[in-house]
Amino acid sequence: DRAGLRGQASTGVVTDSVTKEIEHLISQQAQMDLCDPRMVLWRASFVSILKTMCQNFWMRRKSEAQKPQQGPSEKVSGPASTDCVTTDFGYEFCFEAPNGSVKWYKVQGHLIQECALGSQFEVTGSMQEVTSMLIDKVMGDRWQKWWSRMCHMVFDATLLVDTQEYRVLNAWGEEKVFGCK
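Residues numbered from 1 in each chain as written. Predicted model: local features only at pLDDT ≥ 70, side-chain atom pairs only at ≥ 80, totals over all residues. Heavy atoms only, no water.

Asks: It is not clear to me how unusual backbone geometry should be interpreted in this structure. Could you clarify?
Replies: One non-glycine residue with positive phi stands out, namely Y166, at about 55°. Among the structural elements, Y166 can be located in the loop between strand 6 (158-162) and strand 7 (167-172). Assessed through its relative accessible area of 73%, Y166 is described here as exposed. (Helix = DSSP H or I, 4+ residues; strand = E, 2+ residues; numbered from the N terminus. Buried < 20%, exposed > 50% of the residue type's maximum accessible area, 1.4 Å probe, protein only.)

If you want it as structure tokens, here you go:
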């Protein structure tokens, strides 16, 4: 489930990638040989996506680091301010096995080492199957829509209330009942 990338810090170009564990995991779960043409195409696109993401991540990180530091009077406070430089990236993809089964995976990368002297960087990453989480989310969204539609059919107004904090979190159709929003 692990991958590693090394590259040039000045350009973000990946010079070495280690993705064998992930390739074998996908191959096993899809019940496909690593030499199968679909697997070869997937592996080529997977490595290409990782390299592109790593390069974009590095260029974004480099531009964030080069932004001029704000003085005390110019500093933005609150959630909009960003004092740290990004060290993570990720994406999700699906893979269809020859039998038609589809599984979703999430790939995450994290900068673990940056050597200014040799202008090198190293990124490690992992992959996790997220099919069941994705299905659960879709089912939860469907149930939420169903209950919402049922409430709108039966009631003139619907309130989502936090019973522990005693506050209304959301309201639907409240204008009809209460006269104002």
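Asks: Just checking my understanding: could you explain the nonpolar core for this structure?
Replies: A general tendency of soluble globular proteins is for nonpolar side chains to be buried together. In terms of nonpolar packing, the biggest core is built from 26 residues, with I26, W42, F46, F93, F95, V123 and M127 touching the most fellow members. Looking at this core, the elements with two or more residues in it are helix 1 (20-30), helix 2 (37-66), strand 3 (88-96), strand 4 (102-115) and strand 5 (120-129). Looking at which element gives the most residues to this core, the answer is helix 2, with eight residues. (Core = buried A, V, L, I, M, F, W, Y, C linked by side-chain atoms within 4.5 Å.)

Asks: Is there a simple way to think about the pattern of salt bridges in this case?
Replies: A side chain with one charge can pair with a side chain of the opposite charge if their charged atoms come near. Within the structure shown, the criterion is met by one salt bridge. One salt bridge in this structure joins D141 and K137, with 3.0 Å as the shortest N-O distance. A residue pair is termed a helical-turn pair when its members lie 3 or 4 positions apart in one helix, as D141 and K137 do in helix 3 (residues 131-154) at four residues. By relative accessible area, D141 is classed as partly exposed at 39%. (Salt bridge = Lys/Arg side-chain N within 4 Å of Asp/Glu carboxyl O.)

Asks: Sorry, what's going on with a nonpolar patch on the surface here?
Replies: Judged by side-chain polarity, I135, M139, W143, W146 and W147 come together as a nonpolar surface patch covering roughly 570 Å² of accessible area. The class of M139 is partly exposed, set by a relative accessible area of 37%. (Patch = residues over 30% accessible without salt bridge, like charges linked within 9 Å, V, L, I, M, F, W, Y side chains within 5 Å. Areas by Shrake-Rupley, 256 points an atom, 1.4 Å probe, with all protein chains shown as cover.)

Asks: For this particular structure, what's the right way to read the packing of aromatic side chains?
Replies: Aromatic ring pairs: the centre-centre distance and the angle between the two ring planes describe each pair. Tallied over the full model, the rule gives eight aromatic pairs. On the basis of an interplanar angle of 15° and a centroid distance of 4.8 Å, the ring pair of W42 and F46 is categorised as stacked. Residue W42 and its partner F46 are both found in helix 2; the two are separated by four residues, about one turn of the helix. The pair formed by W42 and F46 is uniform in burial state, with each residue classed as buried. Relative accessible area serves as the criterion here: at 1%, F46 is assigned to the buried category. One aromatic cluster is present, built from ring pairs that chain together W42, F46, Y91, F93, F95 and Y105. (Phe/Tyr/Trp six-rings, centres within 6.5 Å; stacked < 30°, edge-to-face > 60°.)

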